[in-house]
Amino acid sequence: MTGSWEDDALCAQTDPEAHYPEPGGTSRDAKRTCLACEVRPECLEYAISTEQRFGVWGGVSQQELRRLVQARHGEAA
Ligand code: SF4
C-alpha cells in the first residue's frame, strides 16, 4: 500500500517482532519505538477502529488497546 501511514511505520524499519511479545513478555521496547514514530496517532486510530487484538500499536499494549476499544464503544452507545 502506498501513500498510507504504514509506509512510515518505524516498527517496520526496526524490529517488527518486538511488537508481538510472547504472553507475559514485555512490550517496553516496542513502546519505546512507538514514542519515536511519526505516525503514532494514525497507527493508534487504526488499531482502535479495526479492534486489533494482538501486538503493540500506537504505543499501547494489548490490554491498553482493549480498554481504548471498549471506551470507544461506550462513547458510541
Ligand atoms: S506507532 Fe508503533 S506500532 Fe504504530 S507504526 Fe509506529 S512504531 Fe509501529
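Our subject is the structure that appears above.
Presented here is an overview of the structure given in this document. (Residues numbered from 1 in each chain as written. Predicted model: local features only at pLDDT ≥ 70, side-chain atom pairs only at ≥ 80, totals over all residues. Heavy atoms only, no water.)

### Structural notes on helix H2 (residues 28-35)
- Every buried residue of H2 is accounted for by Ala 30, Thr 33 and Cys 34. Looking down the long axis of H2, one finds its buried residues gathered within 100° of arc, a one-sided arrangement. Residues Arg 28, Arg 32 and Leu 35 are exposed on H2 and point more than 90 degrees away from its buried face.
- Residues of H2 that are buried make contact with helix H1 (10-13) and helix H3 (40-49). (Buried < 20%, exposed > 50% of the residue type's maximum accessible area, 1.4 Å probe, protein only. Helix = DSSP H or I, 4+ residues; strand = E, 2+ residues; numbered from the N terminus. Arc of directions from axis to C-beta. Contact = heavy atoms within 4.5 Å.)

### Here we look at the nonpolar core
- Residues Trp 5, Cys 37, Val 39, Cys 43, Ala 47, Ile 48, Trp 57, Val 60, Leu 65 and Val 69 constitute the largest nonpolar core, which totals 10 residues.
- What Cys 43 contacts, discounting residues up to four positions off in sequence, is Trp 5, Trp 57 and Gly 58. (Core = buried A, V, L, I, M, F, W, Y, C linked by side-chain atoms within 4.5 Å.)

### Some words on the site of the ligand
- Surrounding the ligand, one finds Trp 5, Ala 9, Cys 11, His 19, Thr 33, Cys 34, Cys 37, Arg 40, Cys 43, Val 56, Trp 57 and Gly 58.
- Taken together, the residues of the shell around the ligand break down into eight nonpolar, three polar and one charged. (Near = heavy atom within 4 Å. Nonpolar A, V, L, I, M, F, W, Y, C, P; charged D, E, K, R; others polar.)

### A few points about the environment of Leu 65
- Relative to the helices and strands, Leu 65 resides in helix H4 (residues 62-76).
- With 12 residues separating them in the primary sequence, Leu 65 and Arg 53 have C-alpha atoms 8.0 Å apart.
- When near neighbours in sequence (up to four residues on either side) are disregarded, Leu 65 contacts Leu 44, Ala 47, Ile 48, Gln 52, Trp 57 and Val 60.

### Observations regarding the pattern of salt bridges
- Applying the stated criterion across every chain yields a total of three salt bridges.
- Between Arg 32 and Asp 29 there is a salt bridge whose closest N-O contact spans 3.6 Å. Here Arg 32 and its partner Asp 29 are both found in helix H2, three residues apart, which amounts to about one turn of the helix.
- Relative accessible area serves as the criterion here: at 41%, Asp 29 is assigned to the partly exposed category.
- Residue Glu 64 is joined to Lys 31 by a salt bridge in which the shortest nitrogen-to-oxygen separation is 3.3 Å. Highlighted residues: Glu 64 in helix H4 and Lys 31 in helix H2, separated in sequence by 33 residues.
- The exposure class of Glu 64 is partly exposed, given its relative accessible area of 28%. (Salt bridge = Lys/Arg side-chain N within 4 Å of Asp/Glu carboxyl O.)

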